[in-house]
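Here are the chains, one letter per residue:
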Amino acid sequence: SPHPLFTLTFLLLLCVVRGAGETESGGAGSVVGLRGVERKALEGVAGIVVSGMCADQSGYNGVYEPIALTVSGKPWYRNENGRALFWDPDCNGGESGNEKWMFNEDEPSVIAESNLDGDGCTYEGRINSFSDRPPSGSNNWKIICEGSWTSVSITIVDVAACPVGQGPQLSGDGCDVCPEGKYSDSLSPTFCSRCPAGRYNPSLGSESAEMCIPCAAGEGNSEGSASCTPCQPGTFSAESGEDCSQCPAGKYSDNAGTISCIFCGAGKGSAQGSYACTSCIGGFSSGDGDCVLCEVGDYSDTPGSISVGTCQACGSGMSSAPGATSSSSCYSVATGQSSFYNLISQNGNNKMAPGGKVIVSVGTFKCGTCHSQDRMYYLSNMYGSIACEAVDEGGCVQDGESESGRVMVVQGTSGQTLMMRGLTFHRGSYSVGAGLLTLGDAIVTLINCAFTQNSATHSELGGAGIDAATGSVNLYTTRFESNLATSGNFIDMMVENGVITIFPTCADGYGGSPNEQSDLDTGTRPGFSGTFAGTYLKSYTKGTCSVCPAGTAPSENRLSCDACPTGKYSDEPGSLTCSACPAGTFDSTIGASTYCTTCPAGKFSEDQGESTCEECDAGKYRSEPGASRRSDCLSCEAGKYNSSSGATSCTTCGTGKYSSEMSSTCTDCPAGKASADEGASSCVDCTPGKYTNSPAQEACVDCEGGKIAEDTASITCASCPGGKIGNEDRLTCDMCPNGKYSNPASVTCADCDHTEGYVSLAGADGATICEFCGAGFRANKDTHQCEECDFDTYSVGGSDSCLICPAGTNGVRGSSSCSPCPP
């Protein structure tokens, strides 16, 4: 038995886990999750509403509450049905890749970096995404619908925060009052929380968990209830606020509304949840209020035995199966032979006496090639279901030739089953049922078995192969050969009060039409009544079942071998099922008889059973075959691209172009920038004094003479204004010096002083034109100005000097000519 400390630790852990699973926090505070990790409730993250799921995944629809942040910094969500939605960077447990948001029945860990739910890539829905929140709006998700991956349009919308006492509508547009049995105790974008089992709430719009009222002792209910009901017989509730629990084994309650269960008396026992006790039958004794099976080598023929000690020992050299009901159930044990083969079944309590050579294995017992010279098999008081399977088909022979007796007797109760495959029941000799006798109500199923040379010695009856006295016998391709009955009737089978059913199906790995010529007569055997009246088999011809060839597998009813569908294969004859192509492979053919084809370079398949491989997206590539995850497609590095999906490599961008990582095209360098090298990840700005005025240039050019570019990334050059010319580096415009001028965009300054009768405008630096000195003025080359001619001088214009008036004439200042002197 477990150590008390271990038991206490387990119970404490169970309490923690159960408490976590029932917590639905809508506000601040801590929440303990199923992983036993304390989390802080999220604030500032909106709840969401999910809709559009197919019918068999409808439990994933509804309002989702943000629960906590995972290691990635992304929130995970849970809806009222306990379904989870979270982001996993790699459900296979790697460091990165296979990134997706997924719908999952399991809660994620908040400390794991990948494979958050710990069970690998097992989930019900997915969408590949790097987004920090589940993709909003309508998007195509992969959902398991009716057992296969299906593209389904799922809509996700945010929900507004609802006031206390209310929860969001499924449309996400508003809030509704919390119904009876629920409450909402904080301003939160969450659903109304259910009152826990054992508490109820008859009011609408409840604003606190305190409004969930404890059920009285002896009453209970389920989560989210508006009232309590009395505990049913077989259950109890010891304290208020608890749900009804089943009475443990060995106790019972026979009334509704009880607060405790009653111990069964001596010699009696009960199963869990019983409303009455029953007397222990033969083969059992009573201990601690429950019936205990007599052990191997013991028996009990007194119903209601009150202690283990009342099971009697068979004696020296004798043994018995567990649960033996009389001394006649004991048998001699040959030297060196085990007294009991402990066959493994659903509960480990098969009752089978030794015989033959038996190899024990989990779930079945397997026989080697043998001719037993020991006692026959005898199954009595069977518990659960067992199966016997020959190592080699037809290779296990249960032989009764060593003594007069049946090869096998099966006795069981209703609901118990025994399956045997590949056994030969050989040379049994008894009045009826020399090969196999079935008693009780168990169901015996025979697959690919044979009954050979069995003899029925009754003077008038037969049933040399099988006698179904009671119970049911199901036959699948069972062969009867050389069986003999003294009476000549009922040679192979006889049905007394049982049932023999011949199924038109084949065994595992086979398809065809077995038993197609069976002749099953019904009626009353003349001269007999009661036990021996009923159905019997007059003649029997086995049909033909063929091994299903490679590329096929048996149909559900085993009547045919069906071709493997796309995405599956069977590469050996006799395959039980078609195997799904693993991730990274595919098969587009029907009836594939060879292993699946590896996805070629540039493609991948994430799920089992794919008929095609998906292409890597544009901007990505895969150079090696066999990719099993979308993340196996690598992004084109900066400076490279590919424009089509399914690429095996990326192309380098040419000069004058660039690309960022994962690009599907190269982008032209814009005007003002250039790229001189192939494979550029960015373009270089034109330096001051240079420009490009069109895209896709591999180099910037110098500004023309008389123009400048003061800034980087210039797309044009500015012309120098009149009176200025561009300097050599084309960065600034320099003024023309005194005595010189320039027009706009001039390359050089023109010389005014060397032109007769001209001076630079205003006589200052930066002149835009040369000024013509007109009549009455002269060009002063020193001052760079036009000066008036002095008295008695003149100028007709365009001269550097004024002329002296001739004799007999004079002139005023600024004269263009001289006038005669007055008389």
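Our structure is the block above this text.
Now for a quick tour of the structure. (Residues numbered from 1 in each chain as written. Predicted model: local features only at pLDDT ≥ 70, side-chain atom pairs only at ≥ 80, totals over all residues. Heavy atoms only, no water.)

### Points about the nonpolar core
In this structure, Tyr-64, Leu-85, Phe-103, Trp-141, Ile-143 and Ile-154 are the most contacted members of the largest nonpolar core, which totals 19 residues. Within the residue set of this core, elements represented by two or more residues are strand E3 (47-51), strand E6 (84-88), strand E7 (100-104), strand E9 (137-145) and strand E10 (148-159). Non-local contacts of Phe-103, meaning those with residues more than four positions away in its chain, are made with Val-50, Met-53, Tyr-60, Tyr-64, Ala-84, Leu-85, Tyr-123, Glu-124, Gly-125, Trp-141 and Ile-143. Counting residues in hydrophobic clusters, the runner-up holds 17 residues, among them Phe-425, Phe-451, Ala-468 and Val-473. (Core = buried A, V, L, I, M, F, W, Y, C linked by side-chain atoms within 4.5 Å. Buried < 20%, exposed > 50% of the residue type's maximum accessible area, 1.4 Å probe, protein only. Helix = DSSP H or I, 4+ residues; strand = E, 2+ residues; numbered from the N terminus. Contact = heavy atoms within 4.5 Å.)

### Thoughts on the pattern of salt bridges
Inspection of the entire model under this criterion finds 19 salt bridges. For the salt bridge of Glu-606 with Lys-100, the shortest nitrogen-to-oxygen distance reads 3.7 Å. Residue Glu-606 is located in the loop between strand E61 (603-604) and strand E62 (614-615), and its partner Lys-100 is located in strand E7; the two are separated by 506 residues in the primary sequence. Among the salt bridges present, the one from Asp-607 reaches Arg-126, with a minimum N-O distance of 2.4 Å. Taken as a pair, Asp-607 in the loop between E61 and E62 and Arg-126 in strand E8 (residues 125-128) lie far apart in primary sequence, 481 residues in all. Both residues of the pair, Asp-607 and Arg-126, count as buried. Each member of the salt-bridge network shares a partner with another, and the members are Glu-80, Lys-182, Arg-194 and Glu-223. (Salt bridge = Lys/Arg side-chain N within 4 Å of Asp/Glu carboxyl O.)

### A short note on the sheet that holds strand E44 (residues 455-456)
The strand order across the open sheet built from 3 strands is E40-E44-E48, with neighbouring strands paired in parallel fashion. The open sheet has two free edges, formed respectively by strand E40 (429-430) and strand E48 (484-485), since each of these has just one partner strand. Taken together, the 2 bridges between E40 and E44 define a ladder with parallel strand orientation. Residue pairing in the sheet places Tyr-430 in a bridge with Ala-456 of E44. (Pairing = 2+ DSSP bridges.)

### Looking at the sheet that holds E3
Overall, antiparallel pairing links the 8 strands, which are arranged E3-E4-E5-E6-E7-E8-E9-E10 in a closed barrel. Sheet twist, expressed as the average angle between the axes of neighbouring strands with direction ignored, equals 35 degrees. With 4 bridges joining them, E7 and E8 adopt antiparallel strand pairing. For Trp-101, the partnering residue across the bridge sits in E8 and is Ile-127. (Axes fitted to C-alpha atoms, helices over the stretch in contact; angles between N-to-C directions.)

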